[in-house]
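Coordinate inspection notes
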Amino acid sequence: MTGIGKTAIAVQLVKQMSDKFDYVIWRSLRNCPVLEAFLSNLLQFFSQDGETELSPDRGDRLSQVMEYLRFFGPSAGRSHRCLLVVDDVQTIFSSGQLAGHYKDGYEDYRILWKQVGELSHNSCLLLNSWSAPREIASLAGENLPVRSFRLSGLGAAAGEILRDFGLADSAEWDSLITACSGNK
């Protein structure tokens, strides 16, 4: 749902957790880049020294990104933790379809999500979306390396926020909260 605060929560998480990671990378899929463009952008960030040559092959670029997530940094063999936040993932999904159904030309993202979820590394990927990609749902679990969290609006906590902002007519709070579905 739009406006529920997913990005705001992700921003707060990054602020609180950034000291646990060597590198924090935030990318948005709002403009719907195809996977090749997304991988190229990540590789340009990772190879800030300009030494990494971009392969024309998507599979090679995906392998390079996974290697950086495993062993990023100037010290060969030293593992560095990256936090990669990907916002607006829902923009690569088809509207009017089942949740997590990709638009034509964006199906290859499932390979990236699957590899990050299945391969061993010390980095974290945070996907921010209205719905989870199907690949994430199949890899998620309490004892698995992938977690999925669902936000459902403010509910009763919205009343406290309204009171804190000085809205005096508490009789109308429930109507306002319901009308806004807990969105900001």
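The notes below deal with the structure included here.

1. A word on the overall build of the chain
When helices and strands are counted, the chain shows seven helices and three strands. For the chain, the α and β elements follow one another from N to C terminus as α-β-α-α-β-α-β-α-α-α. When burial is assessed residue by residue, the chain has 34% of its 184 residues classed as buried. Of the contacts made within the chain by residues no fewer than 6 positions apart, 61% connect residues no fewer than 24 positions apart. When the accessible surface of the chain is totalled, it reaches about 11200 Å², and 51% of it is carbon and sulfur.

2. Observations regarding the nonpolar core
Note that soluble globular proteins tend to have their nonpolar side chains buried in a common cluster. Of all hydrophobic cores here, the largest spans 29 residues; its most connected members are Leu-29, Phe-38, Phe-46, Ile-92, Tyr-109, Leu-112 and Trp-113. Mapped onto this core, the elements with two or more residues apiece are α2 (35-46), α3 (58-71), β2 (82-87), α4 (109-118) and α5 (134-139). Residue contributions to this core peak at six residues, all from α2.

3. Topic: the packing of aromatic side chains
As enumerated under the stated definition, the model contains five aromatic pairs in all. When the centroid spacing of 5.8 Å and the interplanar angle of 65 degrees are considered together, the rings of Phe-45 and Phe-46 count as edge-to-face. Residue Phe-45 is classed as partly exposed on the basis of its relative accessible area, which comes to 22%. Using a relative accessible area of 5% as the deciding quantity, one classes Phe-46 as buried. Between Phe-46 and Tyr-68 the ring centres are 4.8 Å apart and the planes differ by 15 degrees, which places this aromatic pair in the stacked class. Separated by 22 residues along the polypeptide, Phe-46 in helix α2 and Tyr-68 in helix α3 bring together distant segments of the chain. Accessibility assignment for this pair places Phe-46 and Tyr-68 in one class, buried. Among the aromatic side chains, those forming a connected cluster through ring pairs are Phe-38, Tyr-109 and Trp-113.

4. What about the sheet that holds strand β1 (residues 23-28)?
Strands sit in the order β1-β2-β3 across an open sheet of three strands; the sheet is parallel. Two strands lie at the open edges of the sheet, namely β1 and β3 (124-127), each paired on one side alone. Between one strand and the next, the sheet's axes are offset by a mean angle of 15 degrees, whatever the strand orientation. As paired strands, β1 and β2 are joined by six bridges and run parallel to one another. Residue pairing in the sheet places Trp-26 in a bridge with Val-85 of β2. Those strands touched by helix α1 (residues 6-17) are β1, β2 and β3, and its axis lies near 165 degrees from that of β1.

5. Here's the deal with α4
Of the residues making up α4, those classed as buried are Tyr-109, Leu-112, Trp-113, Val-116 and Gly-117. Each buried residue of α4 lies within a common arc of 125 degrees when the element is viewed along its axis, so the set occupies one face. Buried residues along α4 sit against α2, α3, β2, β3 and α5.

6. Section: the side chain of Arg-61
Structurally, Arg-61 is set in helix α3. As a buried residue without a salt bridge, Arg-61 has its nearest oppositely charged side chain in Glu-36, at a separation of 5.9 Å.

7. A word on the pattern of salt bridges
Within this structure, the stated rule accounts for four salt bridges. With a closest N to O distance of 3.2 Å, Glu-67 and Arg-70 form a salt bridge. Here Glu-67 and its partner Arg-70 are both found in helix α3, three residues apart, which amounts to about one turn of the helix. Judged by its relative accessible area of 39%, Glu-67 is partly exposed. A salt bridge links Lys-114 to Glu-118, with the nearest nitrogen and oxygen atoms 3.3 Å apart. Of this pair, Lys-114 and Glu-118 both sit in helix α4, four residues apart, which is roughly one turn of the helix. Taking the relative accessible area as the measure of exposure, Lys-114 reaches 41% and is therefore partly exposed.

Each value, and the rule that gives it
Residues numbered from 1 in each chain as written. Predicted model: local features only at pLDDT ≥ 70, side-chain atom pairs only at ≥ 80, totals over all residues. Heavy atoms only, no water. Helix = DSSP H or I, 4+ residues; strand = E, 2+ residues; numbered from the N terminus. Buried < 20%, exposed > 50% of the residue type's maximum accessible area, 1.4 Å probe, protein only. Contact = heavy atoms within 4.5 Å. Areas by Shrake-Rupley, 256 points an atom, 1.4 Å probe, with all protein chains shown as cover. Core = buried A, V, L, I, M, F, W, Y, C linked by side-chain atoms within 4.5 Å. Phe/Tyr/Trp six-rings, centres within 6.5 Å; stacked < 30°, edge-to-face > 60°. Pairing = 2+ DSSP bridges. Axes fitted to C-alpha atoms, helices over the stretch in contact; angles between N-to-C directions. Arc of directions from axis to C-beta. Lys, Arg positive; Asp, Glu negative; His and termini not counted. Salt bridge = Lys/Arg side-chain N within 4 Å of Asp/Glu carboxyl O.

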